[in-house]
Amino acid sequence: MARPKKSEALDLTERINLTVGAIDRLSCRTDIKCQAFLRDSEVPALRVRVTNTGAKSFVFEKKLNRQTIRRTIGSTTDWTIDAAR
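Residues numbered from 1 in each chain as written. Predicted model: local features only at pLDDT ≥ 70, side-chain atom pairs only at ≥ 80, totals over all residues. Heavy atoms only, no water.

### Considering the overall build of the protein chain
Helices and strands together make up the secondary structure of the protein chain, namely two helices and four strands. Ordering the α and β elements of the protein chain from the N terminus gives α-β-β-β-β-α. Rg of the C-alpha trace for the protein chain: 13 Å, near the compact-globule value of 12 Å for 85 residues, within the 12% margin. For the protein chain, the spread of C-alpha atoms along the three principal axes comes to 40 × 30 × 25 Å. For the protein chain, restricting intrachain contacts to residue pairs at least 6 apart in sequence, the fraction spanning at least 24 positions comes to 32%. In the form shown here, the protein chain has an accessible surface area of approximately 6,200 Å², with 50% of it arising from carbon and sulfur atoms. (Helix = DSSP H or I, 4+ residues; strand = E, 2+ residues; numbered from the N terminus. Rg over C-alpha atoms; globule rule 2.2 N^0.38 Å. Contact = heavy atoms within 4.5 Å. Areas by Shrake-Rupley, 256 points an atom, 1.4 Å probe, with all protein chains shown as cover.)

Take a look at the structure:
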């Protein structure tokens, strides 16, 4: 598989190996209130969440009794990828 260009949007439907570059490229629309999630291929419950303000954080996400439970680990500027994993 070819390596994506830095200018290309990320495919948020697929799990990827989290890298600093991928996290930097993660964005969300700024004109509406939204959030987007980038899923890690190495640790299935790990996500990076970005909000419409550009804030990025590591999140743990699992299903419990058919409900999604999310817990914020911390900001991507305060945590390394390995520490979040």
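There's more to say after this.
### Points about the state of the cysteines
Covalent bonding between the sulfur atoms of two cysteines is what defines a disulfide. Throughout the structure, instances matching the rule amount to one disulfide. Between the sulfur of Cys 28 and that of Cys 34 lies a disulfide, 2.0 Å long from S to S. Its relative accessible area of 15% is what places Cys 28 among the buried residues. (Disulfide = S-S within 2.5 Å. Buried < 20%, exposed > 50% of the residue type's maximum accessible area, 1.4 Å probe, protein only.)

### Some thoughts on unusual backbone geometry
Although it is not a glycine, Asn 65 sits at a positive phi angle of roughly 50°. Note that Asn 65 resides in the loop between β3 (56-64) and β4 (67-75). Classification of Asn 65 as exposed rests on a relative accessible area of 70%. For Arg 66, which is not a glycine, the phi torsion comes out positive at approximately 65°.

### Focus: the nonpolar core
One finds Leu 18, Leu 26, Leu 38, Val 48 and Phe 58 to be the most contacted residues of the largest nonpolar core, which totals 14 residues. Listed by contribution, the elements that provide at least two residues to this core are α1 (20-25), β1 (35-39), β2 (46-51) and α2 (81-84). Non-local contacts of Leu 38, meaning those with residues more than four positions away in its chain, are made with Leu 10, Leu 12, Ile 16, Leu 18, Ala 22, Leu 26, Leu 46, Arg 47 and Val 48. (Core = buried A, V, L, I, M, F, W, Y, C linked by side-chain atoms within 4.5 Å.)

### Topic: the pattern of salt bridges
Counted by the stated rule, this structure contains five salt bridges. Among the ionic pairs, Asp 40 bridges to Arg 85, the shortest N-O distance being 3.0 Å. With a gap of 45 residues between them, Asp 40 in the loop between β1 and β2 and Arg 85 in the segment after α2 connect regions that are remote in the sequence. (Salt bridge = Lys/Arg side-chain N within 4 Å of Asp/Glu carboxyl O.)

### Here's the deal with the side chain of Ser 57
Checked against the element boundaries, Ser 57 lands in strand β3. Judged by its relative accessible area of 12%, Ser 57 is buried.

### Brief notes about the pairing of β3
Across five bridges, the pairing between β2 and β3 is antiparallel. If you follow Arg 49 over to β3, its bridge partner there is Ser 57. In sequence, β2 turns back onto β3 through a hairpin of four residues, with Gly 54 there showing a positive phi of about 95°. With eight bridges joining them, β3 and β4 adopt antiparallel strand pairing. Counted as the bridge partner of Ser 57 is Ser 75 from β4. (Pairing = 2+ DSSP bridges.)

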